[in-house]
Amino acid sequence: RAVRMTLARKNGILVIKSQKNDPCFQLDKIAIKPADYDLFVMEYRVPEKIISGNQGRIYFLRNKDKSLSGAYINLGSYICDGQWHKKEIPLTSANIIPFKHWKNASGIRKFRFDPFGNKGSLEIRSMAFIKDDRRAKKAEAEQKKLANNSMVTEKYFLNRALYFL
(Lines give C-alpha, C1' and ligand atoms only; values in the text may rest on other atoms or scores of the structure.)
Protein backbone atom coordinates (compact mmCIF):
# COMPACT_ATOMS: atom_id res chain seq x y z
CA ARG A 1 0.00 0.00 0.00
CA ALA A 2 1.56 3.27 -1.15
CA VAL A 3 0.99 6.54 0.74
CA ARG A 4 1.82 9.99 -0.73
CA MET A 5 3.65 8.33 -3.62
CA THR A 6 3.19 6.25 -6.75
CA LEU A 7 4.76 2.86 -7.34
CA ALA A 8 5.26 1.44 -10.81
CA ARG A 9 7.15 -1.47 -12.35
CA LYS A 10 9.11 -0.53 -15.48
CA ASN A 11 11.40 -3.07 -17.17
CA GLY A 12 11.80 -4.98 -13.89
CA ILE A 13 12.62 -1.81 -11.92
CA LEU A 14 10.50 -0.46 -9.06
CA VAL A 15 9.92 3.24 -9.76
CA ILE A 16 8.93 5.39 -6.77
CA LYS A 17 7.74 8.97 -7.28
CA SER A 18 6.40 11.41 -4.73
CA GLN A 19 5.14 14.98 -5.00
CA LYS A 20 4.40 15.17 -1.27
CA ASN A 21 6.36 14.96 1.98
CA ASP A 22 6.81 11.73 3.95
CA PRO A 23 6.09 9.13 1.25
CA CYS A 24 6.02 5.46 2.27
CA PHE A 25 4.71 2.04 1.41
CA GLN A 26 3.98 -0.96 3.58
CA LEU A 27 4.77 -4.61 3.07
CA ASP A 28 2.29 -6.64 5.09
CA LYS A 29 2.33 -10.34 5.93
CA ILE A 30 6.12 -10.59 6.19
CA ALA A 31 7.57 -13.48 8.18
CA ILE A 32 11.27 -13.13 8.89
CA LYS A 33 13.46 -13.84 11.91
CA PRO A 34 16.02 -11.07 12.49
CA ALA A 35 18.61 -13.58 13.71
CA ASP A 36 18.64 -15.11 10.21
CA TYR A 37 19.97 -11.92 8.58
CA ASP A 38 22.97 -9.67 9.09
CA LEU A 39 22.92 -7.43 6.01
CA PHE A 40 20.40 -5.41 4.02
CA VAL A 41 21.44 -4.75 0.44
CA MET A 42 19.89 -2.55 -2.24
CA GLU A 43 20.74 -1.49 -5.77
CA TYR A 44 19.24 1.90 -6.55
CA ARG A 45 19.36 5.00 -8.71
CA VAL A 46 18.15 8.53 -7.99
CA PRO A 47 17.39 10.06 -11.39
CA GLU A 48 17.20 13.62 -10.05
CA LYS A 49 18.60 15.38 -7.01
CA ILE A 50 16.49 15.13 -3.87
CA ILE A 51 16.59 18.64 -2.41
CA SER A 52 16.17 17.65 1.25
CA GLY A 53 15.11 14.65 3.28
CA ASN A 54 17.56 12.43 1.38
CA GLN A 55 17.54 9.61 3.96
CA GLY A 56 15.75 6.30 3.75
CA ARG A 57 14.33 4.23 6.61
CA ILE A 58 12.64 0.87 6.98
CA TYR A 59 10.31 0.73 9.97
CA PHE A 60 9.40 -2.73 11.22
CA LEU A 61 6.64 -4.35 13.23
CA ARG A 62 7.61 -7.20 15.52
CA ASN A 63 5.30 -10.17 16.05
CA LYS A 64 4.35 -8.92 19.52
CA ASP A 65 3.63 -5.31 18.45
CA LYS A 66 0.12 -4.01 17.77
CA SER A 67 1.40 -0.99 15.83
CA LEU A 68 4.70 0.39 14.56
CA SER A 69 6.84 1.32 17.54
CA GLY A 70 9.09 3.80 15.77
CA ALA A 71 11.97 1.30 15.53
CA TYR A 72 13.71 1.47 12.17
CA ILE A 73 16.68 0.53 10.01
CA ASN A 74 18.54 3.66 8.93
CA LEU A 75 19.40 3.44 5.23
CA GLY A 76 21.40 6.65 5.20
CA SER A 77 21.59 9.08 2.29
CA TYR A 78 21.48 8.30 -1.41
CA ILE A 79 23.90 9.35 -4.11
CA CYS A 80 21.83 11.54 -6.44
CA ASP A 81 23.74 11.43 -9.71
CA GLY A 82 21.47 9.33 -11.95
CA GLN A 83 23.85 6.34 -11.83
CA TRP A 84 23.20 2.90 -10.31
CA HIS A 85 24.65 2.39 -6.83
CA LYS A 86 24.70 -0.41 -4.27
CA LYS A 87 24.30 0.03 -0.53
CA GLU A 88 25.16 -2.57 2.08
CA ILE A 89 23.75 -1.89 5.53
CA PRO A 90 24.97 -4.10 8.39
CA LEU A 91 22.03 -4.96 10.65
CA THR A 92 23.78 -3.72 13.79
CA SER A 93 23.21 -1.19 16.56
CA ALA A 94 24.84 1.49 14.38
CA ASN A 95 21.99 1.24 11.85
CA ILE A 96 18.94 -0.01 13.76
CA ILE A 97 17.29 2.31 16.24
CA PRO A 98 16.70 1.01 18.90
CA PHE A 99 18.71 -2.14 18.18
CA LYS A 100 17.11 -4.16 20.99
CA HIS A 101 13.79 -4.11 19.08
CA TRP A 102 15.47 -5.99 16.21
CA LYS A 103 17.89 -8.15 18.18
CA ASN A 104 15.31 -9.45 20.66
CA ALA A 105 12.45 -9.90 18.19
CA SER A 106 11.23 -13.45 17.60
CA GLY A 107 9.93 -12.33 14.23
CA ILE A 108 9.06 -9.39 12.00
CA ARG A 109 5.63 -9.31 10.37
CA LYS A 110 5.47 -5.94 8.60
CA PHE A 111 7.81 -3.39 7.02
CA ARG A 112 7.14 0.24 6.18
CA PHE A 113 9.63 1.62 3.66
CA ASP A 114 10.15 5.39 3.79
CA PRO A 115 12.38 5.95 0.77
CA PHE A 116 13.04 9.63 1.58
CA GLY A 117 11.53 12.44 3.62
CA ASN A 118 10.32 14.82 0.92
CA LYS A 119 9.41 14.98 -2.76
CA GLY A 120 11.53 12.98 -5.16
CA SER A 121 11.99 9.82 -7.15
CA LEU A 122 13.95 6.63 -6.61
CA GLU A 123 14.42 3.54 -8.75
CA ILE A 124 15.20 0.18 -7.17
CA ARG A 125 16.63 -2.69 -9.18
CA SER A 126 16.96 -5.09 -6.26
CA MET A 127 16.83 -5.25 -2.45
CA ALA A 128 17.03 -8.03 0.13
CA PHE A 129 17.86 -9.06 3.65
CA ILE A 130 20.70 -11.58 3.45
CA LYS A 131 22.97 -13.67 5.65
CA ASP A 132 26.61 -13.05 4.76
CA ASP A 133 28.85 -12.68 7.81
CA ARG A 134 31.94 -11.78 5.79
CA ARG A 135 30.24 -8.97 3.84
CA ALA A 136 28.46 -7.68 6.96
CA LYS A 137 31.70 -7.49 8.95
CA LYS A 138 33.49 -5.77 6.06
CA ALA A 139 30.67 -3.21 5.67
CA GLU A 140 30.61 -2.62 9.44
CA ALA A 141 34.40 -2.11 9.59
CA GLU A 142 34.25 0.37 6.73
CA GLN A 143 31.37 2.18 8.42
CA LYS A 144 33.36 2.51 11.68
CA LYS A 145 36.46 3.64 9.83
CA LEU A 146 34.54 6.33 8.00
CA ALA A 147 32.63 7.41 11.11
CA ASN A 148 36.00 8.12 12.76
CA ASN A 149 37.07 10.18 9.78
CA SER A 150 36.08 13.84 10.00
CA MET A 151 35.72 13.99 6.20
CA VAL A 152 32.70 11.70 5.72
CA THR A 153 31.63 12.08 2.08
CA GLU A 154 29.00 10.73 -0.27
CA LYS A 155 31.39 7.85 -0.97
CA TYR A 156 30.65 6.63 2.55
CA PHE A 157 27.06 6.04 1.59
CA LEU A 158 28.04 4.28 -1.62
CA ASN A 159 30.13 1.83 0.38
CA ARG A 160 27.20 1.29 2.77
CA ALA A 161 25.01 0.70 -0.25
CA LEU A 162 21.83 -1.35 -0.01
CA TYR A 163 20.58 -3.59 -2.75
CA PHE A 164 17.91 -6.28 -2.71
CA LEU A 165 19.29 -9.39 -4.42
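Everything numeric in this text was worked out from a predicted model, so none of it was measured. (Residues numbered from 1 in each chain as written. Predicted model: local features only at pLDDT ≥ 70, side-chain atom pairs only at ≥ 80, totals over all residues. Heavy atoms only, no water.)

## Quick notes on the nonpolar core
Generally speaking, nonpolar side chains in soluble globular proteins are found buried as a group.
Line of reasoning, step 1. Membership of the largest hydrophobic core comes to 30 residues, with the highest contact counts inside it found for I16, I73, Y78, W102, F113 and L122.
Line of reasoning, step 2. Where this core is concerned, the elements lending two or more residues are β3 (13-18), β5 (39-45), β6 (55-62), β7 (72-77), β10 (108-114) and β11 (120-130).
Line of reasoning, step 3. Leaving out residues up to four positions away in the same chain, L122 has contacts with L14, V15, I16, M42, Y44, R45, V46, P47, Y78, F113, P115 and F116.
Line of reasoning, step 4. V41, I130, A136 and A139 belong to the second-largest nonpolar core, a separate cluster that totals six residues. (Core = buried A, V, L, I, M, F, W, Y, C linked by side-chain atoms within 4.5 Å. Buried < 20%, exposed > 50% of the residue type's maximum accessible area, 1.4 Å probe, protein only. Helix = DSSP H or I, 4+ residues; strand = E, 2+ residues; numbered from the N terminus. Contact = heavy atoms within 4.5 Å.)

## Things to note about the sheet that holds strand β4 (residues 24-27)
Line of reasoning, step 1. An order of β1-β4-β10-β6-β7-β9 is seen for the six strands of this open sheet, with the pairing classed as antiparallel. At either end of the open sheet lies a strand with only one pairing partner, and these are β1 (2-3) and β9 (96-97).
Line of reasoning, step 2. Taken together, the five bridges between β6 and β7 define a ladder with antiparallel strand orientation. By the bridge assignment, G56 is partnered in β7 with G76. (Pairing = 2+ DSSP bridges.)

## Focus: the packing of aromatic side chains
Line of reasoning, step 1. If you walk through the whole model with that rule in mind, you get eight aromatic pairs.
Line of reasoning, step 2. The interplanar angle of 65° and the centroid separation of 5.1 Å between the aromatic rings of Y44 and Y78 together place this pair among those described as edge-to-face. One end of the pair, Y44, is in strand β5; the other, Y78, is in the loop between β7 and β8 (85-90), and 34 residues separate them in sequence.
Line of reasoning, step 3. Through successive ring pairs, a cluster of aromatic residues spans Y37, F40, F60, W102, F111 and F129.
Line of reasoning, step 4. Its end group placed over the ring of W84, R125 keeps NZ or CZ at 4.0 Å from the ring centre. (Phe/Tyr/Trp six-rings, centres within 6.5 Å; stacked < 30°, edge-to-face > 60°. Lys NZ or Arg CZ within 6 Å of the ring centre and 35° of its normal.)

## A closer look at the pattern of salt bridges
Line of reasoning, step 1. In this structure the tally under the stated criterion is eight salt bridges.
Line of reasoning, step 2. Of the charged contacts, one joins R45 and E123 as a salt bridge, the two residues approaching to 2.6 Å between their closest N and O atoms. In this pair, R45 is assigned in strand β5 and E123 in strand β11, connecting sequence segments 78 residues apart.
Line of reasoning, step 3. Judged by its relative accessible area of 15%, E123 falls in the buried class.
Line of reasoning, step 4. Salt-bridge contacts for D114 lead to R112; the nearest nitrogen and oxygen are separated by 2.8 Å.
Line of reasoning, step 5. The class for D114 is buried, based on a relative accessible area of 7%. (Salt bridge = Lys/Arg side-chain N within 4 Å of Asp/Glu carboxyl O.)

## A short note on the confidence of the model for the protein chain
Line of reasoning, step 1. The predicted model of the protein chain averages 82 in pLDDT, with 86% of residues at 70 or higher.
Line of reasoning, step 2. Overall, residues 149-165 carries pLDDT values under 50, and its contacts beyond four positions in sequence, including any with other chains, amount to 62 contacts. (pLDDT = per-residue confidence, 0-100.)

## As for unusual backbone geometry
Line of reasoning, step 1. Following I97, the chain continues into P98 via a peptide bond in cis, with omega recorded as -20°.
Line of reasoning, step 2. Positionally, P98 belongs in the loop between β9 and α1 (99-103).
Line of reasoning, step 3. Positive phi outside glycine occurs at D22, with the angle close to 60°.
Line of reasoning, step 4. Counting through the fold element by element, D22 comes out in the loop between β3 and β4.
Line of reasoning, step 5. In this structure D22 comes out as partly exposed when scored by relative accessible area, which is 35%.
Line of reasoning, step 6. The phi angle at K29 is positive, at roughly 55°, despite the residue not being glycine.
Line of reasoning, step 7. Examined against the element boundaries, K29 turns out to sit in the loop between β4 and β5.
Line of reasoning, step 8. Judged by its relative accessible area of 82%, K29 falls in the exposed class.

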